[in-house]
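# A structural walkthrough
Each chain is listed here by its residues.
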Amino acid sequence: PKPQNPSFYFLKFLWKYNLSRQNMQSTISYTPDQVTELLNALRCPDTEKIKQATAMLKTYFKQVEALSNLLFLMQNSPAPEIRQMSCVYLRKVITSLWVHLSPDDQNKAKFLLLDQYIKEPVTIVKRSIADVIGSLSKLLIPNKEWNELF
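Right, let's walk through the structure included here. These figures come from a predicted structure and were not determined experimentally.

Helix and strand content of the protein: 7 helices and 0 strands. Of the regular secondary structure in the protein, the N- to C-terminal order runs α-α-α-α-α-α-α. Counting every position in the protein, which comprises 150 residues, the buried fraction comes to 41%. Sequence separation of 24 or more characterises 65% of the internal contacts of the protein that already satisfy a separation of 6 or more. Of the roughly 9,000 Å² of accessible surface on the protein, 56% is carried by carbon and sulfur atoms.

Structure below.
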């Protein structure tokens, strides 16, 4: 059998999850693998694919679930570029979604960020994690909510 064009798989992904521009306002749930696929789509040379992935991620990043998936990818993705992209988007959304996390989940996220910063072997990813920590600390330090930084 003839291999399919990579754009075919992305369009199949869109069709499978019925995510047209008309119904993008509804709640969307993705697995970490699906978020990885969308992040990878942002790096392809196909402008239409980039636009579609950007629109889907923009809607998805308004949901608290996005934080857990981005934190998961930051920690567990084998690809450094996905870990770094996860951090870039985490930095953008973490402060707006933070208040929607339970105190227990907030503590887990703070621990995960600090722990992953220590463990991360790739310098650019480590810097991106530091950016997330810096962004979150601007929200938490004035209220003395992140004592582990001191």
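Quick look at helix α4 (residues 65-76) now. Taking 1.5 Å per residue, 12 residues should reach 16 Å; α4 reaches 16 Å between its end C-alpha atoms and fits that length. When α4 is considered as a whole, its buried residues turn out to be Ala66, Leu67, Asn69, Leu70, Leu71, Leu73 and Met74. The inward-facing, buried residues of α4 abut α2 (32-41), α3 (47-60), α5 (80-97), α6 (103-119) and α7 (123-140).

With that settled, the discussion passes to the nonpolar core. Grouped together as the largest cluster of nonpolar side chains are 38 residues, with contacts concentrated most on Leu39, Met74, Leu90, Ile94 and Leu113. Contributions of two or more residues to this core are made by α2, α3, α4, α5, α6 and α7. Looking at which element gives the most residues to this core, the answer is α5, with 7 residues. Among all residues touching methionine 74, those that are not within four sequence positions of it are Arg83, Ser86, Cys87, Leu90, Leu112, Leu113, Gln116, Glu120 and Ile129.

Definitions and cut-offs
Residues numbered from 1 in each chain as written. Predicted model: local features only at pLDDT ≥ 70, side-chain atom pairs only at ≥ 80, totals over all residues. Heavy atoms only, no water. Helix = DSSP H or I, 4+ residues; strand = E, 2+ residues; numbered from the N terminus. Buried < 20%, exposed > 50% of the residue type's maximum accessible area, 1.4 Å probe, protein only. Contact = heavy atoms within 4.5 Å. Areas by Shrake-Rupley, 256 points an atom, 1.4 Å probe, with all protein chains shown as cover. Expected span 1.5 Å × (residues − 1). Core = buried A, V, L, I, M, F, W, Y, C linked by side-chain atoms within 4.5 Å.

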